[in-house]
Amino acid sequence: MNMRRRPAHPYPRTARLSALVHEILADELERIDDERLLLVTIMSVVVDPDLRHATVFVDTPEGADRDAEVIEALEEMRIRLQAAVAKQARMKRTPLLAFKPDTVEREAGRVEDVLRDLDVEPDA
């Protein structure tokens, strides 16, 4: 008879924590009254396996033009954002947040533009 235990959750702890931190930060970002953070979207959060650091990827409709301004504003709010994570996630140790611009969408757009501009002749 197979007595293996099934995991309580369908995905690893770091993935669950990444999703939770993403949700908390998105909610907290809506409450911050700072013009530099208008229309900022948290694209994803990656928590390190040791749970000590979390990288928060953000984007805006203006793209790279506002990256420096947005990252600076988020760094100024880092303590407040970490406090919100600590309070709501009820963790022993809150990961140190680092903010980076999310370039995946931008790079995908560039690839699409290049592919669209290629003159591909159909096989005869």
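Residues numbered from 1 in each chain as written. Predicted model: local features only at pLDDT ≥ 70, side-chain atom pairs only at ≥ 80, totals over all residues. Heavy atoms only, no water.

1. What about the side chain of Glu 28?
Part 1: In this structure, Glu 28 sits in helix H1 (residues 13-31).
Part 2: At 3.1 Å, the side chain of Glu 28 and the side chain of Arg 80 are in polar contact.
Part 3: Setting aside residues up to four positions removed in sequence, Glu 28 forms contacts with Arg 80, Leu 81, Ala 84 and Gln 88. (Helix = DSSP H or I, 4+ residues; strand = E, 2+ residues; numbered from the N terminus. Polar contact = N/O pair within 3.5 Å; in protein donor to acceptor, adjacent residues only side chain to side chain. Contact = heavy atoms within 4.5 Å.)

2. A few points about the confidence of the model for the protein
Part 1: Per-residue confidence for the protein averages 84 on the pLDDT scale, and 86% of its residues sit at or above 70.
Part 2: Mean pLDDT across the secondary structure elements of the protein bottoms out at helix H4 (residues 104-117), with 76, and peaks at strand E3 (residues 96-101), with 94. (pLDDT = per-residue confidence, 0-100.)

3. Here's the deal with the packing of H1 against helix H3 (residues 78-89)
Axis angle and axis distance: for two packed helices, these are the angle between their axes and the distance between the axes, and together they describe the pair.
Part 1: Viewed as axis vectors pointing N to C, H1 and H3 meet at an angle of 125°, and their least axial separation amounts to 9 Å. In terms of orientation, H1 lies oblique with respect to H3. For the element pair H1 and H3, the recorded crossing hand is right-handed. Between H1 and H3, the contacting residues are Leu 20, Val 21, Ile 24, Leu 25, Glu 28 and Arg 31 on the first element and Arg 80, Leu 81, Ala 84, Val 85, Gln 88 and Ala 89 on the second.
Part 2: Residue composition of the contact of H1 with H3, by class: 8 nonpolar, 1 polar and 3 charged. (Axes fitted to C-alpha atoms, helices over the stretch in contact; angles between N-to-C directions. Parallel < 35°, antiparallel > 145°, perpendicular 65-115°, else oblique. Left-handed = near helix turned anticlockwise from the far one by under 90°. Nonpolar A, V, L, I, M, F, W, Y, C, P; charged D, E, K, R; others polar.)

4. Points about the nonpolar core
Part 1: Counting 26 residues, the largest nonpolar core has Leu 25, Leu 37, Val 45, Val 56, Val 58, Leu 74 and Leu 97 as the members making the most contacts within it.
Part 2: For this core, the secondary-structure elements that each account for two or more residues are H1, strand E1 (41-47), strand E2 (53-59), helix H2 (67-76), H3 and E3.
Part 3: In this structure, Val 45 is in contact with Ser 18, Val 21, His 22, Leu 25, Ala 54, Thr 55 and Val 56, ignoring residues within four places of it in sequence. (Core = buried A, V, L, I, M, F, W, Y, C linked by side-chain atoms within 4.5 Å. Buried < 20%, exposed > 50% of the residue type's maximum accessible area, 1.4 Å probe, protein only.)

5. Remarks on H4
Each α-helix winds once per 3.6 residues, and so residues spaced three or four apart point in a common direction.
Part 1: For H4, built from 14 residues, the straight-helix expectation of 20 Å at 1.5 Å per residue is met to within 8% by its first-to-last C-alpha distance of 20 Å.
Part 2: Of all 14 residues in H4, 1 are buried; the element is thus mostly exposed. (Expected span 1.5 Å × (residues − 1).)

6. Points about unusual backbone geometry
Part 1: With a phi angle near 60°, Leu 39 is a residue other than glycine that sits in the positive phi range.
Part 2: Inspection of the secondary structure assignment puts Leu 39 in the loop between H1 and E1.
Part 3: At Leu 51, a residue that is not glycine, the phi angle is positive and equals roughly 65°.
Part 4: Along the polypeptide, Leu 51 turns up in the loop between E1 and E2.
Part 5: According to the relative accessible area criterion, Leu 51 is buried, its value standing at 14%.

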